[in-house]
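Chain and residue survey
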Amino acid sequence: VKCRLGVDNQSVEEPLDKFSRLVTNAGASKVIVHARKAWLQGLSPHQNRTIPPLNHDRVVRLKQSLVAEGCNAEVHINGGLCDVDNVISMIDGNLLDGAMVGRAAFYHPWNCLRGLALEQERRNATQNSTAKTPSHRNATQNSTAKTPSHR
């Protein structure tokens, strides 16, 4: 399920948590959150992509809240992610499970291809290091590695 943080004057806190719980309890395995509000009154679709401020921290708090409740649903971030380094920095260390890159991938596809190449190199390095030192701990780490998703 993909959603925005909220709509118009709606709070970005309780409604987003409530909506995410509702869809994950109904069986959704992934919530993709565009990290800005949608202003349906007064802004054009183009303005809605630039004027409402990005709030990446709110998406991180949503993931933390779901994890604290024992929910296994993935949370992916969307919005304002312009390059591979930006995507990786949002995912690493934030518990986020992935990222959805939209217009940046359309306008700068080579950045995404670079990202795919970097991810493949990382996977190969992980597989090579695991093959040299097999252990239950390494196998578990490899199966839960976070990777950016691309549409």
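Quick look at the structure, then. (Residues numbered from 1 in each chain as written. Predicted model: local features only at pLDDT ≥ 70, side-chain atom pairs only at ≥ 80, totals over all residues. Heavy atoms only, no water.)

Focus on a nonpolar patch on the surface
A contiguous nonpolar surface patch, about 370 Å² in accessible area, is contributed by W110, L113 and L116. Accessibility expressed as a relative area gives 43% for L116, which makes it partly exposed. (Patch = residues over 30% accessible without salt bridge, like charges linked within 9 Å, V, L, I, M, F, W, Y side chains within 5 Å. Areas by Shrake-Rupley, 256 points an atom, 1.4 Å probe, with all protein chains shown as cover. Salt bridge = Lys/Arg side-chain N within 4 Å of Asp/Glu carboxyl O. Buried < 20%, exposed > 50% of the residue type's maximum accessible area, 1.4 Å probe, protein only.)

Focus on the pairing of strand β2 (residues 30-34)
Burial of β2 is extensive: 4 of the 5 residues sit out of reach of the surface. Judged from the 3 bridges that link them, strand β1 (residues 2-4) and β2 form a sheet pairing that is parallel. Along β2, the bridge assignment pairs R4 with H34. After leaving β1, the chain enters helix α1 (residues 14-25) and then returns to the sheet as β2, a path that is right-handed. In terms of strand pairing, β2 meets strand β3 (residues 74-78) through 5 bridges, oriented parallel. Within β3, the residue paired with I32 across the bridge is H76. (Helix = DSSP H or I, 4+ residues; strand = E, 2+ residues; numbered from the N terminus. Pairing = 2+ DSSP bridges. Right-handed = clockwise from strand over helix to strand, strands pointing away.)

Thoughts on the packing of aromatic side chains
Within the structure shown, the criterion is met by 1 aromatic pair. Between F106 and Y107 the ring centres are 5.0 Å apart and the planes differ by 80 degrees, which places this aromatic pair in the edge-to-face class. Each member of the pair, F106 as well as Y107, carries the same accessibility label: exposed. (Phe/Tyr/Trp six-rings, centres within 6.5 Å; stacked < 30°, edge-to-face > 60°.)

What to know about the side chain of R36
Looking at the secondary structure, you find R36 in the loop between β2 and α2 (45-48). One buried charged side chain, R36, makes no salt bridge at all; its nearest oppositely charged neighbour is D8, positioned 13 Å away. A distance of 2.4 Å separates the side chain of R36 from the backbone oxygen of P52, its partner in a polar contact. In this view, R36 contacts R4, L5, N48, R49, T50, I51, P52, P53 and L54; residues no more than four positions away in its chain are not counted. (Lys, Arg positive; Asp, Glu negative; His and termini not counted. Polar contact = N/O pair within 3.5 Å; in protein donor to acceptor, adjacent residues only side chain to side chain. Contact = heavy atoms within 4.5 Å.)

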